[in-house]
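Coordinates in review
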Amino acid sequence: MYDEEKGWRKRMTSGAPLAVLLAAGVLLVYRLLPVLELVAIAMLLALVIRTATNWLRHRGLGPWMSTLTLFVALGAFGAFLWL
C-alpha cells in the first residue's frame, strides 16, 4: 500500500499534473489578491496603532486616553487630507 501511495504522489508531482496544480494555485492567489491586500493593510495599520499607543502610554497617558488621542490625531490628519 505504501508503494501505491508513493507512486500516486510521484505521478501527481511531475509533468502536466504539477503544472495544473501550480496554475490553479496561482489563479487562486490572483483571485484572492484584493482580500490579501486588505488583510495586509489592516495588519500594518494595527501594528502602527499599537506602536503609537504603546509610545503614548510610556509617556504617561492611560491606555484609553492614548488610543483616543491617536484616533483623534488620525481623524484630523484624514480630514486635512480630504479637504
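Coordinates for the structure precede this section.
Before going into details, it helps to say that this report is about the structure given with it. All values reported here derive from a predicted model rather than from experimental measurement. Position labels on residues start from 1 in each chain and follow its written sequence. Only residues with pLDDT of at least 70 get local features here, since the model is predicted, and only at 80 or more are side-chain atom pairs given and counted; chain-wide, interface and lining totals rely on the full set of residues. Side-chain numbers here rest on the full set of heavy atoms in the structure, without hydrogens or water.

1. Remarks on the overall build of the protein chain
Runs of H or I in DSSP of at least four residues are treated as helices and runs of E of at least two as strands, each being numbered from the N terminus. Helix and strand counts for the protein chain come out as 4 helices and 0 strands. Listed N to C, the secondary structure of the protein chain is α-α-α-α in terms of helices and strands. Under the scheme applied here, a residue whose accessible area is under 20% of the maximum for its type counts as buried, over 50% as exposed, and between as partly exposed, the area being computed with a 1.4 Å probe on protein chains only. Relative to its full complement of 83 residues, the protein chain shows a buried share of 6%.

2. Points about the packing of helix α3 (residues 33–58) against helix α4 (residues 63–82)
The convention used is that axes are lines fitted to C-alpha atoms, helices contributing only their stretch in contact, and that angles between N-to-C directions extend from 0 to 180 degrees. Axis separation between α3 and α4 bottoms out at 9 Å; the angle between their running directions is 125°. One element, α3, and the other, α4, form an angle in the oblique class. Where α3 crosses over α4, the handedness of that crossing is right-handed. Together, I49, A52, T53, L56 and R57 of α3 and P63, S66, T67, T69, L70, F71 and L74 of α4 make up the contact between the two elements. Throughout, the ten residues Ala, Val, Leu, Ile, Met, Phe, Trp, Tyr, Cys and Pro are labelled nonpolar, Asp, Glu, Lys and Arg are labelled charged, and all others, Gly among them, are labelled polar. Across the contact of α3 with α4, the residue classes break down as 7 nonpolar, 4 polar and 1 charged. Each angle is binned into one of four classes, with values under 35 degrees roughly parallel, values over 145 roughly antiparallel, values of 65 to 115 roughly perpendicular, and all other values oblique. Left-handed describes a crossing in which the near helix is turned anticlockwise from the far one by less than a right angle; the clockwise case is right-handed. Residues count as neighbours in contact if any of their non-hydrogen atoms are within 4.5 Å of one another.

3. A closer look at the packing of helix α2 (residues 16–31) against α3
Between α2 and α3, the shortest axis-to-axis distance is 4 Å and the interhelical angle comes to 55°. With respect to their mutual orientation, α2 and α3 come out oblique. Residues V29, Y30 and R31 of α2 lie in contact with α3, whose contacting residues are L33, P34 and L36. Within the contact of α2 with α3, the residues separate by chemical class into 5 nonpolar, no polar and 1 charged.

4. Examining a nonpolar patch on the surface
Patch building starts from residues that exceed 30% relative accessible area and form no salt bridge, then joins like charges within 9 Å and nonpolar side chains (Val, Leu, Ile, Met, Phe, Trp, Tyr) within 5 Å. Residue burial considers only the protein chains on display, and all accessible areas are found by Shrake-Rupley using a 1.4 Å probe. Counted as salt bridges are all cases of a side-chain nitrogen of Lys or Arg within 4 Å of a carboxyl oxygen of Asp or Glu. Together, L27, L28, V29, Y30, L32, L33, V35, L36, V39 and M43 give the surface a local cluster of nonpolar side chains, amounting to about 960 Å² of exposed area. Those elements that place two or more of their residues in the nonpolar patch are α2 and α3. Take V39: it is sitting in helix α3.

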